[in-house]
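Architecture and fold: a report
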Amino acid sequence: MTTATAISHPNIAFIKYWGNRDNTLRLPVNGSISMNLDGLFTRTTVSFSSAKTDSLAINSTPVTGKGLERVSYILDIVREKAGIQDRADVTSENNFPAGAGIASSAAAFAALALAGSKAAGLNLSEPELSVLARRGSGSASRSIPAGFVEWKMGEAESDSYAFSIAPVDHWNLVDCVAIVSASHKTTGSTEGHAIAGTSPLQDVRVADAPRRLEICRNAILKKDFEAFANIIEHDSDMMHSVMMTSKPPLMYWQSATVEIFHQVREWRASGLPVGYTVDAGANVHVICLGEYAKEIEKRLREIPGVSNVLVAGVGGAAKVV
Ligand code: DP6
């Protein structure tokens, strides 16, 4: 096969990946847990040909420079594994808006790893695909398996991969992403990981990670929403404490971000199964039980500073189409 197309979903981390022990290999300092986001996806086609260079188009716009280099880096690993020299045309489309606060790199590199390896004639196992996706973007390792996923830090390059801890239909959770318009460009995750160690709080966060992973894993397996909401908020707040105390400091929150935290905690205190988590941006991922998603979406839209709300259930594995 010289052409292949793959689809994969972005994911939202419940226990966060923040900081690498090896920035080039993207070997994380702690394990992480996430869920894939259904309905949102990246579709990527890789075609190997006799062209002289790799090319990349995202949503029909040609991409060169750093963006293309990052893709070629993954294609180089694929070429080496397959023993081929051919260059590739890569076209990729997202069905979710850029700047919507949903990291596109996770879905993008998961789809690239799958489409690229298939197009090169390789039949990689799920762990091998997850490792390959990880080399492009750490969180992409978690968009390879289905449903609720854990990425173990591993001991070496080949055993730091993600696996499913529960299938899509295990628990009907919904992510209501409250879009909070950020007025300035924020620092990207790759630069953030590189300075995570400059915060005196990072060592404490990392040392405590096994405890948080266990609580979160158990809460998901037992479908204990109260324990789940408490641990995801705690973990997100810990990561942002590290971000805020890094050099230079990274302050991703806007006023509306904090307003949503207060509202979500009030709603939970009054009996609604709801909790928040935030990635490297101002938008708040408000996680709730599926039957409450309509009500939560409505309430979020009423909060000043919230410009839109995206709603996503639990998504499946990356797949060839
Ligand atoms: C805050 O996977 O986007 O979303 O490996 O440099 O591409 P790179 O970083 P990335 O980092 C994600 C950071 C996070 C937390 C998480 O998703 O676990």
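Attention here is on the structure that accompanies the text. (Residues numbered from 1 in each chain as written. Predicted model: local features only at pLDDT ≥ 70, side-chain atom pairs only at ≥ 80, totals over all residues. Heavy atoms only, no water.)

Next up on the list: the overall build of the chain. When helices and strands are counted, the chain shows nine helices and 16 strands. Scaling as 2.2 N^0.38, a compact globule of 321 residues should have a C-alpha radius of gyration of about 20 Å, and the chain matches this with 19 Å. Taking the principal axes of the C-alpha coordinates as reference, the chain spans close to 60 × 40 × 40 Å. Taking all 321 residues of the chain together, the buried fraction comes to 53%. Expressed as a percentage of contacts within the chain between residues at least 6 apart in sequence, the contacts between residues at least 24 apart total 75%. Only carbon and sulfur atoms are counted for the fraction: they give 53% of the accessible area of the chain, which is about 13,400 Å². Charged side chains in the chain number 30 positive and 33 negative. The centres of these two groups are separated by 2 Å. (Helix = DSSP H or I, 4+ residues; strand = E, 2+ residues; numbered from the N terminus. Rg over C-alpha atoms; globule rule 2.2 N^0.38 Å. Buried < 20%, exposed > 50% of the residue type's maximum accessible area, 1.4 Å probe, protein only. Contact = heavy atoms within 4.5 Å. Areas by Shrake-Rupley, 256 points an atom, 1.4 Å probe, with all protein chains shown as cover. Lys, Arg positive; Asp, Glu negative; His and termini not counted. Charge placed at Lys NZ, Arg CZ, Asp CG, Glu CD.)

On to the state of the cysteines, then. In protein structure, a disulfide is the covalent linkage between the sulfur atoms of two cysteines. Enumeration according to the criterion identifies zero disulfides in this entry. Between Cys216, a free cysteine, and Cys288, which holds the nearest cysteine sulfur, the sulfur-to-sulfur gap is 16 Å. Here Cys288 stays unpaired: no disulfide links it, and the sulfur of Cys176, its closest cysteine neighbor, is 4.3 Å away. For Cys288, a relative accessible area of 0% corresponds to the buried category. (Disulfide = S-S within 2.5 Å.)

The quantities given are spatial measurements derived from coordinates; they are silent on function.
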